[in-house]
Amino acid sequence: SLTTVTSFSSPGISYKGMDMTANGNRVVIVQPTNPRVQWSDTPFTTWNTVGFSGWGTAVALSPDGNLLTFADVGSNTVKYATWNGTTYVVSGTSLSLPSVQANNMRFDSTGTILFMFAINNTHYYASWNSSSSSFSTVVAIPSTAIPNTSINPVASDVSDSSIIFGGYESKFSQTLLTFS
């Protein structure tokens, strides 16, 4: 059975996405208005604001919680922050997406590859370099690798070898993309 750990609401505010650490001890949410991104650790009673600016549509949290990303559709960028042991510190740099808006993002199970799914059915990934605390150049996933390109992904999951995502234009059909 499922047990409600916590619930929260903000009248008139629409949350666009959320993610959590692999162990479920930290949750992060994104909304299009201020505060853009908030996080909380168990028992999820105190919500902390991350200092991102922009208009948010998606958020992704690495499995260990040390890296947090935020999609800013106003500038077609993905901004990121790193955990310093107490809170998230926003980086002064960001990933530029080529004239698209990231609608959904997920890290792989190692937290080293960020997948970004865009509303124009062009999808990307970038690798995290922990020694330089930066991402590699954004790389497009070839459209031939995605069997159904007619969806705009609104949900996704990334395992060790595949990506499953569904979208509102495909009436929630799933597309499987495998990688190695």
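In the block above lies the structure referred to throughout.
None of these values were measured; they are calculated from a predicted model.

Let's talk about the overall build of the protein chain
Of regular secondary structure, the protein chain possesses 0 helices and 16 strands. Expressed as a percentage of the 180 residues in the protein chain, the buried residues total 43%. Pairs at least 24 residues apart make up 36% of the contacts formed inside the protein chain by residues separated by at least 6 positions. When the accessible area of the protein chain is evaluated, it comes to approximately 9,000 Å², of which 52% is carbon and sulfur surface.

With respect to the sheet that holds strand 6 (residues 67-72)
Spatially, 4 strands are ordered 5-6-7-8 in an open sheet, and the strand pairing comes out antiparallel. The open sheet has two edge strands with one neighbour each: strand 5 (56-61) and strand 8 (88-96). Averaged over all pairs of adjacent strands, the angle between their axes in this sheet comes to 20°, without regard to strand direction. Pairing of strand 6 with strand 7 (residues 77-83) involves 6 bridges; the strand directions are antiparallel.

Details of the nonpolar core
By size, the foremost hydrophobic cluster in this structure holds 18 residues, and its most contacted members are Val78, Leu95, Leu97, Met105, Leu114, Met116 and Phe135. Counting residues per element, the ones that place at least two in this core are strand 5, strand 6, strand 7, strand 9 (102-107), strand 10 (113-118) and strand 11 (123-129). With 13 residues, the next largest nonpolar core counts Val28, Val30, Leu68 and Tyr88 among its residues.

Structural notes on the side chain of Ser62
Summarising the element assignment, Ser62 is placed in the loop between strand 5 and strand 6. Owing to a relative accessible area of 2%, Ser62 belongs among the buried residues under this scheme. Only 2.7 Å separates the side chain of Ser62 from the side chain of Asp64, close enough to count as a polar contact. For Ser62, the side chain forms a polar contact with the main-chain nitrogen of Asn66, separated by 3.2 Å.

Section: the pairing of strand 3 (residues 37-41)
Of all 5 residues in strand 3, 4 are buried; the element is thus mostly enclosed. Pairing of strand 2 (residues 26-30) with strand 3 involves 5 bridges; the strand directions are antiparallel. Residue Val28 lies in a different strand from strand 3, and its bridge partner there is Trp39. In this sheet, strand 4 (residues 48-50) lies alongside strand 3 in antiparallel orientation, the contact comprising 3 bridges. The partner of Trp39 across the bridge, within strand 4, is Asn48. Following strand 3, the chain reverses through 6 residues before pairing antiparallel with strand 4; Phe44 in that reversal takes a positive phi of roughly 60°.

Comments concerning unusual backbone geometry
A positive phi angle, near 55°, is found at Asn76, a position not held by glycine. Along the chain, Asn76 turns up in the loop between strand 6 and strand 7. The phi dihedral of Ser133 falls on the positive side, at around 50°, and the residue is not glycine. Counting through the fold element by element, Ser133 comes out in the loop between strand 11 and strand 12 (134-135). Taking relative accessible area as the criterion, Ser133 reaches 39% and is therefore assigned partly exposed.

Calculation rules
Position labels on residues start from 1 in each chain and follow its written sequence. With pLDDT at 70 or above as the cut-off, local features in this predicted model cover only qualifying residues; side-chain atom pairs require 80 or more to be listed or tallied, and sums for whole chains, interfaces and linings still use all residues. By convention in this description, side-chain values take in all heavy atoms of the structure and omit both hydrogens and water. Note on conventions: DSSP H or I runs of at least 4 residues are helices, E runs of at least 2 residues are strands, and numbering of each starts at the N terminus. With a 1.4 Å probe rolled over the protein chains alone, any residue whose accessible area is under 20% of its type maximum counts as buried; one over 50% counts as exposed, and the rest are partly exposed. Should any heavy atoms of two residues lie within 4.5 Å, those residues are considered in contact. For the accessible areas, the method is Shrake-Rupley and the probe is 1.4 Å, while residue cover comes only from the protein chains on display. At least two bridges found by DSSP between two strands are what make those strands a pair. Lines fitted to C-alpha atoms define the axes, with helix axes restricted to the stretch in contact, and inter-axis angles between N-to-C directions lie between 0 and 180 degrees. Take the buried Ala, Val, Leu, Ile, Met, Phe, Trp, Tyr and Cys residues and link them wherever side-chain atoms come within 4.5 Å; each set so joined is a nonpolar core. Throughout this description, a polar contact denotes any pair of N or O atoms lying within 3.5 Å of each other; where both atoms belong to protein, one of them has to be capable of donating a hydrogen while the other can accept it, and for residues adjacent in sequence the pair is counted only when both atoms sit in side chains.

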